[in-house]
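# Report on the structure
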Amino acid sequence: MSVLWTARDAKLATGGSGPDGWEATGVAIDSRQGQAGDLFIALIGPTHDGHDHVAAALNAGAAAAMVSRVPDGLASDARLMVVGDAQAGLEAVAQAARARFQGKVIALTGSVGKTGSKEMLRLVLSAQGKTAATVGNLNNHIGAPLTLARLPQDADYAVLELGMNHPGEIRPLARLAKPHVALITRIAPAHTEFFSSLDEVAAAKAEIFEGLLPGGTAIVNADDGFAEALAKAARLAGASQVLSFGESGDADARLLDLALAPCGSDIEVLLKGRWFAYHVGVAGQHWAMNSLGVLVAAASAGADPVQAAETLTDVRAPAGRGATEALALPQGPITLIDESYN
């Protein structure tokens, strides 16, 4: 694996101190899931303190550990980089990774459809270039900078999923990500515990546009009741263009025909006046509709939308998000639909 962080680069990014000479090929915050060669970051959470697991991470082959204090019982020559605050150190590394990245960044959010759309984008862009993407749904104040910190310098694309359940959460993540393209899948009554109305949810999701780079593109769902408000927010945030997807007649990616089937959907779309047909390999109208936004985002990042559409036949539902399995029972065959995440 290629080197992701050297001691020198990491210390320059964070202002940290410690020994030189180590090189990390990855970044981890969980010693149980880390790999040999990782930079382990000892975050302090509400129930766990990563400093308690620094020794385990180093013994498992971590290249070094970023800490805000030196844990007890470590050897005097332990490969530690000491920073003022580990969370701030993670964000500083993420900021440095984004600054050196020369590829295109797509950030996306929405009440529903974030992870599925992210997985579709990861699939179609990986067929056209080296692509990094959020793992699972690591989309919060820890997951987003972690994704950036892991970003290979030579990748062509990066896809970041951004989530929230409070107003003001997406804004700093978007400004850290600095996307070229920002997509909002849909506004819906989900994650509303700290919101009094869907208007507040829409305003919070629109924070993603505040991170757009100059010349950036915003993408909204034309069939969403908040499409106009989101488009306005994008323009106020400085988006150079606002594109849309859906069944609406003025959508930039307009659904012309949709044939749903148990194993997927056949779709006809008009993308900026260009007709083509494709198959999405996951069943469900929501997957079909979100695929339109994926094609707009991919095209806006410079990818070939026709090739992207052809690749969507290979998409599969993530665990717990609509995957199906045929089961042979004594009473007869059934189809299990795994929506356990939701």
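Structural notes, computed from the coordinates. For clarity, every value in this text was computed on a predicted model and none was experimentally measured.

## Let's talk about the sheet that holds strand 9 (residues 157-161)
- Strand order in this open sheet of nine strands is 8-9-7-10-11-12-13-14-15, and the pairing throughout is mixed. Either end of the sheet is taken by a strand with one partner, and the two such strands are strand 8 (131-133) and strand 15 (274-280). Ignoring strand direction, the axes of neighbouring strands in this sheet form an average angle of 20°.
- For strand 8 and strand 9, the ladder comprises three bridges, and the chain directions are parallel. Bridged to Ala 133 within strand 9 is Val 159.

## Quick look at the packing of helix 1 (residues 7-14) against helix 3 (residues 86-100)
- Across the interface, helix 1 lies against helix 3 with an axial gap of 8 Å and an inter-helix angle of 110°. In terms of orientation, helix 1 and helix 3 fall into the roughly perpendicular class. Between helix 1 and helix 3, the contacting residues are Asp 9, Ala 13 and Thr 14 on the first element and Gly 89, Ala 92, Val 93, Ala 96 and Arg 100 on the second.
- When the residues that make up the contact of helix 1 with helix 3 are grouped by side-chain class, the tally is four nonpolar, two polar and two charged.

## Remarks on the pattern of salt bridges
- According to the stated counting rule, one finds ten salt bridges in the structure shown.
- Residue Arg 122 is joined to Glu 119 by a salt bridge in which the shortest nitrogen-to-oxygen separation is 2.9 Å. Linking Arg 122 with Glu 119, this pair stays in helix 4 (residues 114-126), spanning three residues, or about one helical turn.
- Between Glu 207 and Arg 171 there is a salt bridge, and its shortest N-O distance comes to 3.8 Å. Pair noted here: Glu 207 is in the loop between helix 7 (198-205) and strand 11 (217-221) and Arg 171 is in helix 6 (residues 170-177), with a separation of 36 residues, a long-range link.

What counts, and where the lines are drawn
- Residues numbered from 1 in each chain as written.
- Predicted model: local features only at pLDDT ≥ 70, side-chain atom pairs only at ≥ 80, totals over all residues.
- Heavy atoms only, no water.
- Pairing = 2+ DSSP bridges.
- Helix = DSSP H or I, 4+ residues; strand = E, 2+ residues; numbered from the N terminus.
- Axes fitted to C-alpha atoms, helices over the stretch in contact; angles between N-to-C directions.
- Parallel < 35°, antiparallel > 145°, perpendicular 65-115°, else oblique.
- Contact = heavy atoms within 4.5 Å.
- Nonpolar A, V, L, I, M, F, W, Y, C, P; charged D, E, K, R; others polar.
- Salt bridge = Lys/Arg side-chain N within 4 Å of Asp/Glu carboxyl O.

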